[in-house]
Every structure is written in C-alpha cells, then in structure tokens.
Amino acid sequence: MSDKVLLVDDEAHITRNLEKVIPWEMLGLQVAGSAKNGVEALQLLEQQSVQLLLCDIRMPVMDGLELVRLIREREMTCDIIMLSGYQDFAYTRAAIQYGVNDYVLKPIPYDELTGVIARVMSNQRSKAKQQHEEQQKLGRMIDLASEKILYDLIMDYTDFSGSHWLFSGDEQQLRTQRFVMIVLDLDVSSEKTKDWRDWADKERKLWNFAVCNVLREKLQGNGLHHAVIQMRDGEWCVLIETAGAAEFEEQPVKEWADMLMTAVRNHVKLSLNAGIYRRFAGVEELSAAYKQVQLGMQLTPAHDTITLYPTDGERGPAEDKAFWVTAEKLISAVKRGDTAAVNVEVDQIASQLQHLNDQHSARVKPLLHFFVLHLMREMKEMAVFTREQEEQLWRRLDRRFLIKDLLTFIRQVTAAVTDRSIDKKKQSELSLLEARAFLNRNLCRDLSVEEAATHVGLSTSYFSLLFKQTFGETFIEYVTRERMERAKTMLAETGKSVAQIAKEVGYAERRYFTKVFMKYTGDNPSDFRAKFQVEDDTVH
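Counting restarts for each chain, with residues numbered from 1 along the sequence as it is written. Local features in a predicted model are, by the rule used here, given only for residues with pLDDT of at least 70; side-chain atom pairs are given and counted only at 80 or more, and totals for whole chains, interfaces and linings are based on all residues. Side-chain figures throughout are based on the complete set of non-hydrogen atoms in the structure, without hydrogens or water.

*Asks:* Looking at this structure, how should I read the overall build of the chain?
*Replies:* Strands here mean DSSP runs of E at least two residues long; helices mean DSSP runs of H or I at least four residues long; both are numbered from the N terminus. Looking only at helices and strands, one finds 21 helices and eleven strands in the chain. Exposure is judged per residue with a 1.4 Å probe applied to protein chains only, and the accessible area is read against the type maximum: over 50% gives exposed, under 20% gives buried, and values in between give partly exposed. Classification of the 540 residues of the chain by burial places 49% in the buried group. Each accessible area is a Shrake-Rupley estimate made with a 1.4 Å probe; only the visible protein chains count as cover when residues are assessed. Of the roughly 27,000 Å² of accessible surface on the chain, 49% is carried by carbon and sulfur atoms.

Next up, the structure:
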C-alpha cells in the first residue's frame, strides 16, 4: 500500500507539474490531493492520513510556516518539505524550528526534489520499521512478564492488587482481563505414554519445550492473544484473552482445545487430555479455577478427551472431594518436609478410604490409583527419587493390586520422601542461595525462572515453590525489586543515561523500564535523579 503526499501551493500550474513530473509510484507514494493555502491543507489533513507534505511558504489566507506550526502543535504525523522562491535565511530558520525535514528553492529542480523526497521517505520508513520492531519487542516483553505473573497467580504464590508495584504499565490490563482457561495434561496412566516415562530428563525437558512452542505458534497463528504456562512435567495451562463484552460459548472453546491437541499430536506425536473451565476467569479467580479443573480431571479418570469443569449437575460426591482435599494436604506436607503432618494426613486418608470402601467400593480403586499417579508426578517435580527408584515405583503402580497394597505404596513413597526431608531441606537451602547469587550476577540480562531452576538442578515448579518459601516473595518480585534498587543506586550515584541504566539492569526497552520504575518508586527516573542532585547542591 502506497504512502500519501499532499501538495500545497497557491500557483495551480506548480501543483499540476509536481503531480505529473515527480515519479510518485516509483517513490511508493500517491498524491492524496492539492490545496491553494494552509486552511485548505489543514482540512484535507484532518480528513485523511498523509505521510508527506510538499508546501510553499508564501501563500494567501494562511502561509506555509503557519500551516507547519499548526501541524506540529496538533501532533499530526507527517514529514514536510518546504518549497520557496525566496532565498531568505529567516524562513529557513523558522522552518527548521518547526521541524521541517528539508527545504528546496524555486524554480524547482525536479531531479533534485525527487532525490530529497526519496531520502526523506527512506528515513521515515526506516524509523517506522524500527518503531514497529521495538513495539513488537516491547509486546513480547510484556507478554513474557505477564506470563510469569500469571504463573504465580495460578499457583496462589502472590495476591493480585492494583496497587502492587509489580503490576506496572501494561500489566495493569490484567486487572480487567477475562480468560478462557484450558488445562492440557498428559495421561501418565495411558498405555500410549509408557514410552514417555522411560525418557531421560533431558529428553523430557526438550519434549516439554517443544509442546510449549507448538501451542504458542498455533495460538498466535490463529490471532489469539494468549499465555502458555507449563505447570509441571506434562501439564500446561493455556489462557486466552477474551473481548470484554463476549459471552462464554462452549463450542468455540472446545474447538480451540481440539486444535491445540491436534497440533501437539501432529508435531510432537503425543496425546493430551483437555480440561476447560466452564466460564471466563478473571485474575482473582485463576487459582481457584485451575484447582477446580485439575481436581475435576483427577477425580474423574474416565473423562472424555475434552471435558468442561465443573461438569453438568453434581460436581462429584462429597466423599471424593473430601478425600482429595486430604490428598492435597498430604502432598503439601511432603513438600514442606513436615513428617508429623504427613503421618496425620496418611491416617486421615486411610480412614476416608475405609469409609468410601464401605459405601462405594467400585469408586475407590480408580480414585486412589489416580491419586498415586498424581503423587508420583509431584515427587518427580521435587526430584526426590533416583532414576532406578522411579522406574521401580512405576512398575509397581502398573500392576493391579488391592487397596491395601495401594495404601502401603502411599506410605512407602511418603516415608521415602520424609526420610530424606532433612537432607533435602539443607540441600534446597544451598540451592536457593546459589540461585540468588546467580540472579544477582545476571540481572543485566533477561532472566527466566526456567533458566534459574535449571542452573541449580530443580524443576521449575518446585524451584518456584522453594523460592517463595525461602525468600518470602516470588521469583519475578525478587528479580524486579533487585533491578529497581540497583537502578536507584545508579541514578543517584552515576551520570549514566536512563537508557544505559535500563540496559544494565536488564531492560532492553527504556519505556518499559520507566513504567516499572515509576510504579516502584512513584517517580520517573529523571525526576528521581533530580531529587538527589538537589540534595547534593544543598549539602555543598
């Protein structure tokens, strides 16, 4: 699509000659119209977008300089080349003051003017391309930052508050955003996924990475603004932004889920199940919605490939829910290394199973079997088993055995974990100290929680949990706060530019850095620096 040029001159033969002689098509321009004075030109500029203005200086009603002044005052975006037969430096100075791009004297040398137009438009297009690339980069940066925040919200590691300094600039849009939530999960009990369990950790990481890429590319290719968040090995939470006034419709969402599952099956050769939250979820609801979908998928092992939760009618027997609440407490106690709490919850599970078995014996085995699979995956995230121990546990789980055996299995797994909890806790503390040192050394570049977790040999989800427990704040809160504190010191104590400081604390884009800094301190970087300069002047 060609850019547009407007010709402004009170001499009609000049605008006619310009229209005919200049090779506009070759320059990627088309003449949008002509005007005899500044008033007519302003009217045309208000009606359509014009990228270039060729304008005479001396004209009746409104001259060229007044026209240019009003164009700049109204922030109309176009480049301007002035045409004049008067060799008067006063005009030139005024034209430069108003941001005119070039100045050509009459009689017009058309070859020279063609070259000037080509140069001006080349510069304009180069700047536009650079701004577009910067905006795309900023957009990706904001999406990435939002994705990190969304993970913490889903896991209930942080509270969303509009006043929280972390939610700066574009992240504030999360406050009013509603999401479609699709949880995609690998069915680890399926015969089709037995090979997956035999893969080495490195292969599994590559596989998880590949699935994330397939999901993101498919969503992007369909114009869906989204976040893809890996919750644990073989499980992802896909969030798709929705229009504010839209109504939740099951069929299109099911089609999205099917599209994603088909893409993964075609590109990665693995099958997933999908659980869909039955309505839109705001940021305050994300954690509860995720738990509800995950719980639904775990309480109904025989669900369809794509299922909406909560399901129609009853949401499942109360006994099943009570059992799963206890099971989650057990896993939480194991993660904390709380042996006493583990024993209490195991006894509670035994009691609940006995009650369930007396009333609904057919439901107990699949429920408990699925819980053990869930427990195994959580322990896998914590890396509490050696490769040999994990294989042995999977083999035992693959055999059909009685409820008593399954309960014994749970006790053995939890005992094995809690026996190592003290050593594991010490090891985790050392790992987190090393992680913090790693972060502090690398604040100058983009850091992901995945990279930090890999550096200390932990899974992303377990690392995030430990980080919150150890430092009292999430990964992104810690990194952002450290960057802001470092930036404050550099602004107060050095003469480096704001752009340079932004880069040195890990922000490639100055505008985004400024937004975060203002939210954190209440001042923009320049005003913050000025306060310290005033204090220094007062002292001296």
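*Asks:* Explain the packing of helix 7 (residues 201-221) against helix 8 (residues 250-268) to me, please; I cannot follow it from the model alone.
*Replies:* The geometry of helix 7 relative to helix 8 is characterised by a closest axis approach of 9 Å and an angle of 130 degrees between their N-to-C directions. Viewed along their axes, helix 7 and helix 8 adopt a mutual orientation that is oblique. The handedness of the crossing between helix 7 and helix 8 comes out as right-handed. In this structure, helix 7 contributes Trp207, Ala210, Val211, Val214, Leu215, Lys218 and Leu219 to the contact, and helix 8 contributes Met259, Leu260, Ala263, Val264, His267 and Val268. Three classes are used: nonpolar for Ala, Val, Leu, Ile, Met, Phe, Trp, Tyr, Cys and Pro, charged for Asp, Glu, Lys and Arg, and polar for all others, with Gly counted as polar. For the contact of helix 7 with helix 8, the residue count by class is eleven nonpolar, one polar and one charged. Interaxial angles span 0 to 180 degrees and are taken between N-to-C directions of axes, which are lines fitted to C-alpha atoms, for helices over the stretch in contact. If an angle is under 35 degrees, it is roughly parallel; if it is over 145, roughly antiparallel; if it lies from 65 to 115, roughly perpendicular; otherwise it is oblique. Note: crossing handedness is left-handed where the near helix turns anticlockwise from the far helix by less than a right angle, and right-handed where it turns clockwise. Contacts were defined at the residue level, with two residues in contact if any of their heavy atoms lie within 4.5 Å.

*Asks:* Quick question: what am I supposed to make of the pattern of salt bridges here?
*Replies:* Close approach of charged atoms lets side chains of opposite charge pair. The term salt bridge refers to a side-chain nitrogen of Lys or Arg lying within 4 Å of a carboxyl oxygen of Asp or Glu. Applying the stated criterion across every chain, the model contains 18 salt bridges. When the shortest N-O distance is used, the salt bridge between Lys106 and Asp9 registers 2.8 Å. With Lys106 in the loop between strand 5 (102-105) and helix 5 (110-154) and Asp9 in the loop between strand 1 (3-8) and helix 1 (12-21), this pair connects stretches of sequence that are 97 residues apart. Here Asp9 falls in the buried class, since its relative accessible area comes to 2%. Residue Arg481 pairs with Glu482 through a salt bridge whose shortest N-O separation is 3.4 Å. A single network of salt bridges, built from pairs that share partners, joins Asp9, Glu11, Asp56 and Lys106.

*Asks:* Could you clarify how one ought to interpret the pairing of strand 8 (residues 235-241) in this entry?
*Replies:* The two faces of a sheet get side chains in turn, since along a regular strand they alternate between them. Counting buried residues in strand 8 gives six out of seven residues, a clear majority hidden from the surface. The criterion for strand pairing is that DSSP finds at least two bridges linking the strands in question. As paired strands, strand 6 (residues 178-185) and strand 8 are joined by seven bridges and run antiparallel to one another. When the sheet's bridge partners are listed, Val183 is paired in strand 8 with Cys237. Bridge count for strand 7 (residues 226-232) against strand 8 is six bridges, and the pairing is antiparallel. For Ile229, the partnering residue across the bridge sits in strand 8 and is Cys237. Hairpin remark: strand 7 followed by strand 8, antiparallel, with two residues in the connecting loop; positive phi at Gly234, about 85 degrees.

*Asks:* Would you mind going over the side chain of Thr474 with me for this structure?
*Replies:* In this structure, Thr474 sits in the loop between helix 17 (460-471) and helix 18 (475-493). The class for Thr474 is buried, based on a relative accessible area of 1%. Throughout this description, a polar contact denotes any pair of N or O atoms lying within 3.5 Å of each other; where both atoms belong to protein, one of them has to be capable of donating a hydrogen while the other can accept it, and for residues adjacent in sequence the pair is counted only when both atoms sit in side chains. Side-chain polar atoms of Thr474 contact the side chain of Asp152, separated by 3.2 Å. Setting aside anything within four residues of it in sequence, one finds Thr474 in contact with Asp152, Tyr157, Thr158, Phe467 and Lys468.

*Asks:* How do you make sense of helix 3 (residues 64-73) when you look at a structure like this?
*Replies:* Along an α-helix, residues three or four positions apart point the same way, because every turn accommodates 3.6 residues. Among all positions in helix 3, only Gly64, Leu65, Leu67, Val68, Leu70 and Ile71 are buried. Two residues or fewer after helix 3 comes Glu75, characterised by a positive phi angle close to 55 degrees.

*Asks:* I tried to follow the packing of aromatic side chains on my own but got confused; where do I start?
*Replies:* How two aromatic rings sit relative to each other is given by the distance of their centres and the angle of their planes. Pairing of aromatic rings covers Phe, Tyr and Trp, the last through its six-membered ring, and needs centres within 6.5 Å; plane angles under 30 degrees mean stacked, over 60 mean edge-to-face, and all others mean tilted. Scanning all chains against the criterion turns up twelve aromatic pairs. Ring centres 6.0 Å apart and planes at 70 degrees place the aromatic pair Phe467 and Phe475 in the edge-to-face group. As far as burial versus exposure is concerned, Phe467 and Phe475 are alike and both buried. Each ring, one from Phe467 and one from Tyr478, has its centre 5.5 Å from the other, and the planes form 75 degrees; the classification is edge-to-face. Separated by eleven residues along the polypeptide, Phe467 in helix 17 and Tyr478 in helix 18 bring together distant segments of the chain. Tyr478 shares its class with Phe467; the two are buried. Of the aromatic side chains, those joined through ring pairs into one cluster are Phe463, Phe467, Phe471, Phe475 and Tyr478.

*Asks:* For this particular structure, what's the right way to read the packing of helix 2 (residues 38-47) against helix 3?
*Replies:* Two quantities define a packed helix pair, namely the angle between the axes and the distance from one axis to the other. The N-to-C vectors of helix 2 and helix 3 enclose an angle of 25 degrees; their axes lie 9 Å apart at closest approach. Taken as axis vectors, helix 2 and helix 3 run roughly parallel relative to one another. Considering only the axes of helix 2 and helix 3, their crossing is right-handed. Taking contact as the criterion, the partners of Gly38, Ala41, Leu42 and Leu45 in helix 2 are, on helix 3, Leu67, Leu70 and Ile71. Per-class residue counts for the contact of helix 2 with helix 3 are six nonpolar, one polar and no charged.

*Asks:* Quick question: what am I supposed to make of the side chain of Arg483 here?
*Replies:* Within the secondary structure, Arg483 sits in helix 18. Not counting residues within four places of it along the chain, the set of residues in contact with Arg483 comprises Leu443, Arg445, Asp446, Leu447, Val505, Gly506 and Tyr507.

*Asks:* Could you clarify how one ought to interpret the environment of Met82 in this entry?
*Replies:* Note on placement: Met82 falls in strand 4 (residues 79-84). Given a relative accessible area of 0%, Met82 falls into the buried group. The sequence separation of Met82 and Leu53 amounts to 29 residues, and the corresponding C-alpha distance is 8.2 Å. Ignoring sequence-local partners within four residues, the contact set of Met82 consists of Cys55, Asp56, Ile57, Gly64, Leu65, Val68, Ala95, Val100, Asp102, Tyr103 and Val104.

So far we have only geometry, and geometry alone does not tell us how the molecule works.
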